[in-house]
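# Secondary and tertiary structure notes
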Amino acid sequence: MRKIINPGIRNIAIIAHVDHGKTTLVDAMFKQSGVFRAGQQVDERIMDSMDLERERGITIAAKNCSVRWQGVKINIIDTPGHSDFGGEVERALSMATGCVLLVDSSEGPLPQTRFVLKKALDSGLDIVVAVNKIDRKDARPSEVLDEIYDLFIDLGADEKQLEFPVLYAIGREGTATRALLEPGLNLAPLFEAILDLPGPTHDPDEPFQMQVADLAYSEYLGRMAVGRIRHGRLRRQDALIRVDAEGRESPVRLTRLQLYEGLKLEEAEEAEAGDIVVLAGAESVSIGDTICTRDSPRRLPRIIVDEPTVSMRFSINSSPLAGQEGKIVQSRQIHERLKLETMRNVAVSLEETPDKDSFVVKGRGEFQMAILVEQMRREGFELSVGRPEVILKKDGDRLLEPIERLLVDCDEAFLGIVAEKLASRKGLMTSLVNNSSGRVRLEFSVPSRGLIGLRDEFLTDTKGTGIMNSYLEGYDEFRGEFPSRFTGSLVADRPGRGVAYALYNLEPRGTLFIEPNDPVYEGMIIGEHNRENDIDVNPTKEKKLTNLRAAGKDENIILTPIRPMTLERAIHFVRDDEMVEVTPISIRLRKKELSAQQRRHLEGKKKKG
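Let me sum up the structure you'll find in this document.

Across the interface, helix α1 (residues 22-33) lies against helix α7 (residues 188-196) with an axial gap of 11 Å and an inter-helix angle of 90°. Overall, the two elements α1 and α7 adopt an arrangement that is roughly perpendicular. Facing α1, whose interface residues are L25, M29, Q32 and S33, α7 presents A188, L190, F191 and I194. Split by residue class, the contact of α1 with α7 holds 6 nonpolar, 2 polar and no charged.

The next thing to look at is the pattern of salt bridges. The final tally for this structure, using the stated rule, is 47 salt bridges. Residue R242 pairs with D289 through a salt bridge whose shortest N-O separation is 2.7 Å. Separated by 47 residues along the polypeptide, R242 in strand β14 (residues 240-243) and D289 in the loop between β19 (276-280) and β20 (290-293) bring together distant segments of the chain. We classify R242 as buried; its relative accessible area is 10%. D289 sits in the buried class, given a relative accessible area of 1%. One salt bridge connects E341 with R337, and the closest N-O pair in it is separated by 2.9 Å. Within this pair, E341 and its partner R337 are both found in helix α8 (residues 331-344), separated by 4 residues, close to a single helical turn.

The next thing to look at is the packing of aromatic side chains. For the coordinates displayed, the defined rule picks out 4 aromatic pairs. When the centroid spacing of 4.7 Å and the interplanar angle of 25° are considered together, the rings of Y149 and F164 count as stacked. Residue Y149 is found in helix α5 (residues 141-154), and its partner F164 is found in the loop between α6 (159-162) and β7 (166-170); the two are separated by 15 residues along the sequence. For the ring pair F513 and F573, a centre distance of 5.2 Å and an interplane angle of 85° mean the geometry is edge-to-face. Placement of F513 in the loop between β33 (510-512) and β34 (519-520) and of F573 in helix α14 (residues 567-573) is noted, with a sequence separation of 60 residues between them. Residue F513 is classed as buried on the basis of its relative accessible area of 11%. Here a set of aromatic residues connected by ring pairs shows up, and it is made of Y149, F152 and F164. Directly above the ring of Y475 sits K393, whose terminal nitrogen or CZ lies 4.2 Å from the centroid.

Glancing now at the environment of S123. Relative to the elements of secondary structure, S123 occurs in the loop between α4 (111-122) and β6 (126-132). For the pair S123 and Q70, spaced 53 residues apart in sequence, the C-alpha separation works out to 28 Å. Reaching out from S123, the side chain makes a polar contact with the backbone oxygen of K119 at a distance of 2.9 Å.

The subject of this paragraph is unusual backbone geometry. A positive phi angle is found at K426, which is not glycine, with a value near 65°. On the secondary structure map, K426 appears in the loop between α10 (415-424) and β28 (428-434). K426 gets classed as partly exposed once you look at its relative accessible area, which sits at 30%. With a phi angle near 80°, N517 is a residue other than glycine that sits in the positive phi range. As for its placement among the helices and strands, N517 is situated in the loop between β33 and β34.

Cut-off values and rules
Residues numbered from 1 in each chain as written. Predicted model: local features only at pLDDT ≥ 70, side-chain atom pairs only at ≥ 80, totals over all residues. Heavy atoms only, no water. Axes fitted to C-alpha atoms, helices over the stretch in contact; angles between N-to-C directions. Helix = DSSP H or I, 4+ residues; strand = E, 2+ residues; numbered from the N terminus. Parallel < 35°, antiparallel > 145°, perpendicular 65-115°, else oblique. Contact = heavy atoms within 4.5 Å. Nonpolar A, V, L, I, M, F, W, Y, C, P; charged D, E, K, R; others polar. Salt bridge = Lys/Arg side-chain N within 4 Å of Asp/Glu carboxyl O. Buried < 20%, exposed > 50% of the residue type's maximum accessible area, 1.4 Å probe, protein only. Phe/Tyr/Trp six-rings, centres within 6.5 Å; stacked < 30°, edge-to-face > 60°. Lys NZ or Arg CZ within 6 Å of the ring centre and 35° of its normal. Polar contact = N/O pair within 3.5 Å; in protein donor to acceptor, adjacent residues only side chain to side chain.

As structure tokens, then:
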């Protein structure tokens with residue numbers, strides 16, 4: 001097999017941990033490469049095009065664009081920095097031939113940096129390291145570079161991969177320099193380092209081959225396949241076929257061929273090896289399929305992704321308030337939407353259940369599940385979801401569970417409470433570093449199920465100053481049961497609307513989730529009980545009216561303001577016998593069994609065994 005490099009193209013994935021400045025740096029690359037005309041009004045964080053990405057300040061989906069520098073086309077693949085979206089990373093890296101690793105000059109390499117870098121090294125990609133935000137007051141670029149070298153060695157990088165070029169950047173100002181003491185003027189050193197990486201290789205004797213790494217959708221063109229051409233040239237009139245996971249072949253009628261130019265897609269008559277193309281006309285295509293010529297069909301190895309570690313049950317909304325706030329409520333439509341998600345995201349899988357109204361979705365983490373539910377509610381869906389559950393494995397007689405490596409950075413004063421909380425969730429401390437700066441860095445080995453719902457408690461315990469990050473370490477022996485919550489629920493025992501008088505009298509029992517005039521129904525959770533047990537309460541009770549008047553009888557009722565219920569908080573709060581009711585307008589908590597009488601009956605049967 002002959003290998004020839006295409007010198008006119010570079011396919012670069014930009015990888016970084018959440019909030020290390022990746023999207024801001026890409027903005028500066030656009031501006032300095034001439035993608036925008038002079039004086040053009042441009043939004044910040046252009047690549048974070050989804051509403052959820054802009055709201056949360058993170059990249060959720062991998063996206064493509066291109067810039068040109070000194071006559072070379074640089075295809076940029078913006079990858080997510082969170083391990084829950086690892087499937088996005090794996091398929092994005094399948095299109096890349098090199099990487100820019102961006103690391104914060106103060107925080108250094110964090111767990112998600114490790115996760116994405118390992119994928120890049122395993123793929124054999126050449127890497128450019130950029131230490132970003134060197135203008136921070138707490139910047140420590142030399143120490144961070146040592147930590148990056150340690151990380152490369154720890155991940156098994158070979159000698160060639162360890163000889164990476166290093167740049168020091170300020171993404172917000174659009175500058176980069178090869179020498180720390182020399183101030184950067186622009187991003188020319190970064191572009192030059194990218195051009196020094198080899199271009200995509202191909203065999204000129206091979207016919208056209210391309211692997212589908214992403215899917216796009218247009219109301220006008222339908223489903224579109226995105227991928228890098230591995231070998232050969234592609235022309236609009238070529239006769240193509242698709243080869244699926246089972247090796248079955250089906251014809252593809254190519255209706256449009258598009259290439260990335262800047263942020264836009266432009267039509268083309270032909271494309272060469274190394275180009276990242278978007279093909280319209282492959283309606284039934286899935287991620288990982290091979291598209292090749294009809295005359296010589298050859299299947300490429302499919303994209304391999306890590307196994308899912310978390311599952312969540314999605315079902316129809318069966319509460320008395322169902323159908324009042326959402327447009328899409330049928331189980332068939334929920335199933336179709338979840339099926340579409342599995343086609344677009346290789347890290348998500350769908351499992352049918354005997355109950356036709358519910359489905360089990362498996363993925364990488366609770367955050368990925370929460371994002372999927374949030375996207376569905378914004379699309380007009382009404383549904384109910386259960387608590388995330390980790391996926392256990394059997395190895396002979398041994399029960400195995402996913403274990404995470406957790407890194408914690410917090411003030412020294414909070415060390416005790418953080419260690420105590422993690423110990424109660426079967427976490428084992430493996431490292432403690434105190435640099436006498438007032439902050440400590442801790443490392444724990446903790447079960448994945450111990451991290452579900454931990455983030456909210458952690459932020460409360462550390463007064464919002466703590467940082468925690470984790471990555472999946474693998475499967476290990478099941479570490480035993482522990483309580484997911486030490487409090488019970490306040491459960492409404494009748495339908496109606498919340499009344500201020502009743503809620504005021506319930507406040508001593510716990511923390512309320514509803515306000516006066518909010519609709520309630522039997523089995524709906526209206527608050528968190530101070531004690532471990534659940535209690536049935538009446539939030540609709542009104543004050544008895546009499547014709548007697550006395551001082552102090554008509555005091556103004558002032559309720560404690562409630563914290564708005566967010567989707568993540570709701571998912572973390574619910575127990576195994578509870579669910580989250582999600583609509584485009586509201587997020588409510590409820591018992592799986594709404595009838596108080598039926599719940600007592602089931603509880604009695606459980607006690608009897």
